[in-house]
Amino acid sequence: MRPNLTALATRREMLRSTALGFGWLALADLLATESRAAETGRSGRPDPLALKKPHFEPKAKRVIFLFMHGGPSQVDTFDYKPKLAEHDGKPLPFAKPRVVSGPTGNLLKSPFAFKQYGQSGAWVSELFPHIGSKADELCFIKSMHGSNSRHGGALLELHTGSDTFVRPSMGSWVTYGLGTENRDLPGYLTICPTLSHGGVNNYSSAFLPAAYQATPLGSAGAPISQVSVPFVKGTTPAAQQRLELDLLAGLESERAGGSDAATDGRLQSFEMAFRMQNTAPAVQDLSKESAETLKLYGIDDKVTESFGRQCLMARRYSEAGVRFVQCSHSYKWDQHENLKKDHTSNAREVDKPIAGLLTDLKARGLLKDTLVIWAGEFGRTPVAQGKDGRDHNPHAFTIFLAGGGVKAGFSLGATDEYGYYATEDKVHIHDLHATILHLLGLNHEKLTYKHAGRDFRLTDVHGNVVKEIIA
């Protein structure tokens, strides 16, 4: 009579319990190799943009940053100050900052009328009727403040967390922490980036690996027709390019002394460019969009076409899996004079495209996990510079966010009765950075990179998550 044999539950259990477990060891090695291969390129090096788990459950998966270069005036856009009109032409009744950008005079009322929008009752100036119509989607922070009154330092602080040293940009930290959802596209794109006030340092990866630096599309002042991935349509056959890349990787792996970060970064950029050839042209081709969508973004109007194309490309790249996209309206918001004329012109260029972006994202179900941020590098003074201008003011400015886990139809913080200083629920740029990372599921104190003998992070030794704005 044959013995009663107990059936083994699974093939893996059989490998684990027979032949002293050597079969299981072999399988474990094969699985580990397969897992590593999924996170490496053909060169066998770790893939820096491989998808990574956040520290905790995120509310947002991606960011679209709408940067208004020059510093929009908070008291002429979203921070309504009736006392400013009442006391127009009178001296400021309290001390001005000890360090100022330039000389200023008496109080200057806003030349723009304000009205309330939506159920939230948000006050918005006549500059932004389209954005005003989206007030119940927006989360305003009216108590922002920074540390630098000069454009160069303020841009670096907003983009990198430091107004003094070259540090990785916010987008670089985000892609370092999370990787990218689409390996055929960069994790970080900047559309029409500024060439001044820090230039490339505002979107560089600094000491982080080169893969985390932004890929620029066009540049400030370039014709909108040039806002695309350059040279993406190569003429060399794909098979030949593949052989060339494999040869480069092989030569590098055989090089005496091993590889270095600069060479690795260059090889990774070659690999990325190769993969982008099949994906990027379709993403940046707006011809497939409907006439209704083009009109929504204002692409049918010469005034709004440029920024409208930026916003539509941001939506398309975000939808395709790019982690962080920045659109820059450069360098137009620095009104030391001609405040009414130039702020009117600037606002008209961006108002409809931004509202169109919010509408489109919501219609596609993307707004709930896409964090949209609108901000300049600082605000403006409520006192006059010359006859009809305002000076730089890092002590108070307004930004707004939408989607991505922030409260809709909400406003946090306040300034004094004239709008010079943030006074209630003050939010520093470091706090904003900590909050952005938090919404993406990243603990800003744990997202670190060791460099020059110590751990660095986007917020350095500062920053508190602004929990009041989180839905």
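Residues numbered from 1 in each chain as written. Predicted model: local features only at pLDDT ≥ 70, side-chain atom pairs only at ≥ 80, totals over all residues. Heavy atoms only, no water.

Participant: Is there a simple way to explain the overall build of the protein in this structure?
Facilitator: Helix and strand counts for the protein stand at 13 helices and 17 strands. Buried residues in the protein amount to 51% of all 471 residues. When contacts within the protein are restricted to residue pairs at least 6 apart in sequence, those whose partners lie at least 24 apart make up 77%. For the protein, the accessible surface area stands at approximately 21,700 Å², while carbon and sulfur atoms represent 54% of it. (Helix = DSSP H or I, 4+ residues; strand = E, 2+ residues; numbered from the N terminus. Buried < 20%, exposed > 50% of the residue type's maximum accessible area, 1.4 Å probe, protein only. Contact = heavy atoms within 4.5 Å. Areas by Shrake-Rupley, 256 points an atom, 1.4 Å probe, with all protein chains shown as cover.)

Participant: Any chance you could explain the packing of helix α5 (residues 151-160) against helix α13 (residues 429-439) here in plain terms?
Facilitator: A packed helix pair is summarised by two numbers, namely the angle formed by the two axes and the spacing between the axes. Relative to each other, α5 and α13 sit at 25°, their axes nearing to 9 Å. Regarding the angle of α5 to α13, the classification is roughly parallel. Taken together, the residues of α13 that come into contact with α5 (itself represented by Glu 157, Leu 158 and Thr 160) are Ile 429, Leu 432 and His 433. In the contact of α5 with α13, the residues fall into 3 nonpolar, 2 polar and 1 charged. (Axes fitted to C-alpha atoms, helices over the stretch in contact; angles between N-to-C directions. Parallel < 35°, antiparallel > 145°, perpendicular 65-115°, else oblique. Nonpolar A, V, L, I, M, F, W, Y, C, P; charged D, E, K, R; others polar.)

Participant: Would you mind going over the packing of aromatic side chains with me for this structure?
Facilitator: When we look at a pair of aromatic rings, we describe it by the centre distance and by the angle of the planes. With the rule as written, the count across this model stands at 20 aromatic pairs. Geometrically, the ring pair formed by Tyr 188 and Phe 324 is edge-to-face, given 5.2 Å between the ring centres and 80° between the ring planes. Within this pair, whereas Tyr 188 is found in strand β5 (residues 188-191), its partner Phe 324 is found in strand β7 (residues 324-329), the two being separated by 136 residues in sequence. There is no split in this pair, since Tyr 188 and Phe 324 are both buried. Ring geometry for Tyr 420 and Tyr 421: centres 5.1 Å apart, planes at 25°, overall stacked. For Tyr 420, a relative accessible area of 2% gives the class buried. Taking relative accessible area as the criterion, Tyr 421 reaches 23% and is therefore assigned partly exposed. (Phe/Tyr/Trp six-rings, centres within 6.5 Å; stacked < 30°, edge-to-face > 60°.)

Participant: I keep staring at the nonpolar core and nothing clicks. Help me out?
Facilitator: Nonpolar side chains in soluble globular proteins generally cluster together in the buried interior. One finds Leu 66, Phe 128 and Tyr 317 to be the most contacted residues of the largest nonpolar core, which totals 49 residues. If we ignore the near neighbours within four places in the chain, the residues touching Tyr 317 are Leu 185, Leu 189, Leu 217, Val 229, Ala 280, Val 283, Gln 284, Val 322 and Val 325. Counting residues in hydrophobic clusters, the runner-up holds 44 residues, among them Phe 65, Leu 447, Phe 456 and Ile 470. (Core = buried A, V, L, I, M, F, W, Y, C linked by side-chain atoms within 4.5 Å.)

Participant: Can you walk me through the pairing of strand β8 (residues 370-375) in this structure?
Facilitator: Here is the key point about a regular strand: its side chains alternate between the two faces of the sheet. Among the 6 residues in β8, 6 count as buried, and that is most of the element. Side chains of β8 alternate between two faces, with Thr 370, Val 372 and Trp 374 and Leu 371, Ile 373 and Ala 375 buried alike. Bridge count between strand β1 (residues 62-68) and β8: 6 bridges; the pairing is parallel. By the bridge assignment, Ile 64 is partnered in β8 with Val 372. Summarising the sheet, β8 and strand β11 (residues 397-402) pair through 3 bridges and their orientation is antiparallel. Within β11, the residue paired with Ile 373 across the bridge is Leu 401. (Pairing = 2+ DSSP bridges.)

Participant: Just checking my understanding: could you explain unusual backbone geometry for this structure?
Facilitator: The phi angle of most residues is negative, glycine excepted, and most peptide bonds adopt the trans form. Despite not being glycine, Ala 452 has its phi angle at roughly 55°, a positive value. In this fold, Ala 452 is placed in the loop between β16 (449-451) and β17 (454-456).

Participant: Is there a simple way to explain the pattern of salt bridges in this structure?
Facilitator: It is possible for side chains of opposite charge to pair when their charged atoms get near one another. Per the counting criterion, the structure on display carries 20 salt bridges. Linking Asp 301 and Arg 348 is a salt bridge whose minimum nitrogen-to-oxygen distance equals 3.8 Å. Here Asp 301, found in the loop between α10 (291-296) and α11 (302-319), pairs with Arg 348, found in helix α12 (residues 339-363); they are 47 residues apart in sequence, far enough to count as distant. When the shortest N-O distance is used, the salt bridge between Asp 360 and Arg 315 registers 2.9 Å. Of the two residues, Asp 360 is situated in helix α12 and Arg 315 in helix α11; the sequence distance between them amounts to 45 residues. (Salt bridge = Lys/Arg side-chain N within 4 Å of Asp/Glu carboxyl O.)

Participant: I'm lost on the pairing of β7 in this one. Help?
Facilitator: For β7, a buried count of 6 out of 6 residues is recorded, marking the element as mostly surrounded by other parts of the structure. Across the two faces of β7 the burial is the same, with Phe 324, Gln 326 and Ser 328 and Val 325, Cys 327 and His 329 all buried. Across 6 bridges, the pairing between β1 and β7 is parallel. Paired with Leu 66 across the bridge in β7 is Cys 327. Where β5 and β7 come together, 4 bridges link them in parallel fashion. Directly across from Leu 189, in β7, lies its bridge partner Val 325.

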